Amino acid sequence: VSAAKPLPDYAKWKNADSLIVHSANTIETRRDAFGSSVVTPLDRLFVRNNVSPPSESIMADPDSWALEVNGVGKPATLTVAQLKTLGLQALPMVLQCSGNGRAYFPHKPGGTQWQVGAAGCVIFTGVPVAAVVKALGGVADGMVYMTGTGGEEIPAGLDPNTVRVERSVPLEAMKDAILAWEVNGEPLPLAHGGPLRLIVPGYTGVNNVKYLKQLAFTKEQSPASIQQNSYRMTDIGVKGGPKFPAVWEMPPKSWVTLPSDPAKPIKAGKVVITGLAMGGVDAATKIEVSVNGGKDWQEAQFVGPDLGKYAWRQFALTADLKPGSYNIASRTTNAKGETQPADRVENNRGYNNNSWRDHMVAIKVV
Ligand code: MSS
């Protein structure tokens, strides 16, 4: 029996049985624990912080949390209470760490060995960024990026350029972005970025800055190392650098959730294979399942509600399986016609793994 690591204090309220605790700041959902709801229950949602989260004391009076907005016609500091007067949008979406699936890269990239569970489908609620920007006189001329700054301080010496977690995304990502104070109908907890978080749907986890202190429209990407060096698609063996593509939009991806425990043999006969499929920045529109390691594919059915293009879809396929060994894979196609590939895009830090082969599950039917 392996000694399970304890949940950290700020995430003590989570359901330990559903989670793999890699460290105090990296906690993933087990492959068999996403549940039957399309929306991931908060107590099973993964957690990832690059450094320790800020003190729980910032949650004492969430409405008084102040956000500085710069790079607009009329720069201003707005409290959450003021933001709540500017508009409201509920946004179902997949929140997924850039490194989800890193465990399957053969070159063993450094970083958390995430399997499938650094992802969840949740409903964030807040005000559209576009409404806030409109109220402040629009984006200032010549701005190219939307930059979010987090509220925690990173330890001295880690980054010569900033003490903050800071990420920039292309300006066009503003169109569906929101500033969220709620998730799944509850006040946004500290673990997921409360009191206020920048949500950029379709973009990988890191771009959704928690404890948001500043939202700025900028000419350049943030000088922070987390922008310039980390979260870049560099060649294997090459450390980061601004000349490599930033990890921004998510590619289409799916994985089977059941049968999920290769240690447990499955009874021959009709077996319902289930899973989750996401389209990235476009809706997942097609899902196929293979029971023979990708040789033959059958179209599976989406089951459960469609919560919009940024959410994931649950899927199922009933297969008649005789005793034997099977490799179960799934692959999705999005509205743009992009299909999940067999092979991962190799990169040094193990980002954006959407290879169907890497996410395959071997099962035994008896
Ligand atoms: N924010 C801040 N402020 N800080 C940090 O650290 N992290 C990232 C995001 N945001 C951070 C932030 C990441 S990296 C991720 S994934 C996310 O977040 C997560 O979320 P949750 O809620 O789950 O925890 Mo990777 O790409």
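Calculation notes
Residues numbered from 1 in each chain as written. Predicted model: local features only at pLDDT ≥ 70, side-chain atom pairs only at ≥ 80, totals over all residues. Heavy atoms only, no water. Helix = DSSP H or I, 4+ residues; strand = E, 2+ residues; numbered from the N terminus. Contact = heavy atoms within 4.5 Å. Phe/Tyr/Trp six-rings, centres within 6.5 Å; stacked < 30°, edge-to-face > 60°. Buried < 20%, exposed > 50% of the residue type's maximum accessible area, 1.4 Å probe, protein only. Pairing = 2+ DSSP bridges. Domains from an automatic or database assignment. Buried area = accessible area lost by both parts, 1.4 Å probe. Salt bridge = Lys/Arg side-chain N within 4 Å of Asp/Glu carboxyl O. Polar contact = N/O pair within 3.5 Å; in protein donor to acceptor, adjacent residues only side chain to side chain. Nonpolar A, V, L, I, M, F, W, Y, C, P; charged D, E, K, R; others polar. Axes fitted to C-alpha atoms, helices over the stretch in contact; angles between N-to-C directions. Core = buried A, V, L, I, M, F, W, Y, C linked by side-chain atoms within 4.5 Å.

Side note on the environment of leucine 83
Thought 1: Inspection of the secondary structure puts leucine 83 in helix α1 (residues 80–83).
Thought 2: Taking the C-alpha atoms as reference points, leucine 83 and isoleucine 328, separated by 245 residues in sequence, lie 47 Å from one another.
Thought 3: If sequence neighbours within four positions are ignored, leucine 83 has contacts with Leu67, Leu78, Val127, Val132, Leu179, Trp181 and Leu196.

Things to note about the packing of aromatic side chains
Thought 1: Across all of its chains, the model carries 7 aromatic pairs by this definition.
Thought 2: A ring pair is formed by phenylalanine 34 and tryptophan 312, whose centres lie 5.5 Å apart and whose planes are at 85 degrees; its orientation type is edge-to-face. Pair noted here: phenylalanine 34 is in the loop between β2 (26–29) and β3 (47–48) and tryptophan 312 is in the loop between β18 (301–303) and β19 (313–321), with a separation of 278 residues, a long-range link. The burial state of phenylalanine 34 is the same as that of tryptophan 312; both residues are buried.
Thought 3: When the ring of tryptophan 255 is compared with that of tryptophan 312, the centres are 5.8 Å apart and the planes differ by 90 degrees; the resulting orientation is edge-to-face.

Quick look at the pairing of strand β21 (residues 361–365)
Thought 1: Residues Val361, Ile363 and Val365 line the buried face of β21, whereas the alternating positions Ala362 and Lys364 sit on a face that is not buried.
Thought 2: Here strand β20 (residues 324–334) pairs with β21 via 5 bridges, running antiparallel. Paired with asparagine 327 across the two strands is alanine 362, which belongs to β21.

Brief notes about the domain arrangement of the chain
Thought 1: Partitioning the chain into structural domains gives domain 1 (9–228) and domain 2 (253–365).
Thought 2: Here domain 1 and domain 2 have C-alpha centroids that lie 27 Å from each other.
Thought 3: The partner domain 2 presents 29 residues to the 33 residues of domain 1 that form the contact.
Thought 4: Across the domain 1 to domain 2 interface the summed buried area is about 2500 Å²; carbon plus sulfur atoms make up 59%.
Thought 5: Together, Arg31, Val38 and Phe105 form the three largest contributors to the area buried by domain 1 at its contact with domain 2, with a combined 27%.
Thought 6: Where domain 1 touches domain 2, the interface holds 0 salt bridges.
Thought 7: Seen at the junction of domain 1 and domain 2, the total is 13 residue pairs in polar contact (both at pLDDT 80 or more).
Thought 8: Listed by contribution, the elements that provide at least two residues to the side of domain 1 that touches domain 2 are β6 (89–96) and β7 (119–128).
Thought 9: Examining the composition of the side of domain 1 that touches domain 2, we find that 5 residues originate from one element, β6, more than from any other.
Thought 10: Among the residues making up the side of domain 1 that touches domain 2, the classes are represented as 15 nonpolar, 13 polar and 5 charged.

A closer look at the sheet that holds strand β15 (residues 269–278)
Thought 1: Here 4 strands make up an open sheet; going across it, the order is β14-β15-β19-β18 and the pairing antiparallel. The sheet is open, and its two edges are formed by β14 (253–258) and β18, each paired on a single side. In this sheet, neighbouring strand axes are inclined to one another by 35 degrees on average, regardless of whether the strands run parallel or antiparallel.
Thought 2: Two strands pair when backbone bridges link them, and β14 and β15 are joined in this way by 5 bridges, in the antiparallel orientation. From the neighbouring strand, leucine 258 faces β15, where its bridge partner is threonine 274.

Quick look at the nonpolar core
Thought 1: Leu83, Val129, Met146, Leu179, Leu215 and Phe217 are the most contacted members of the largest nonpolar core, which totals 42 residues.
Thought 2: Elements represented by at least two residues in this core include exactly β1 (19–23), β4 (66–70), α1, α2 (129–135), β8 (145–149), β10 (178–183) and β13 (214–218).
Thought 3: Counting residues per element, this core draws most heavily on α2, at 3 residues.

Structural notes on the environment of asparagine 15
Thought 1: With respect to the element layout, asparagine 15 can be found in the segment before β1.
Thought 2: In this structure asparagine 15 comes out as partly exposed when scored by relative accessible area, which is 25%.
Thought 3: Placed 27 residues apart in sequence, asparagine 15 and leucine 42 show a C-alpha to C-alpha distance of 9.0 Å.
Thought 4: Separated by 3.1 Å, the side chain of asparagine 15 and the backbone nitrogen of aspartate 17 make a polar contact.

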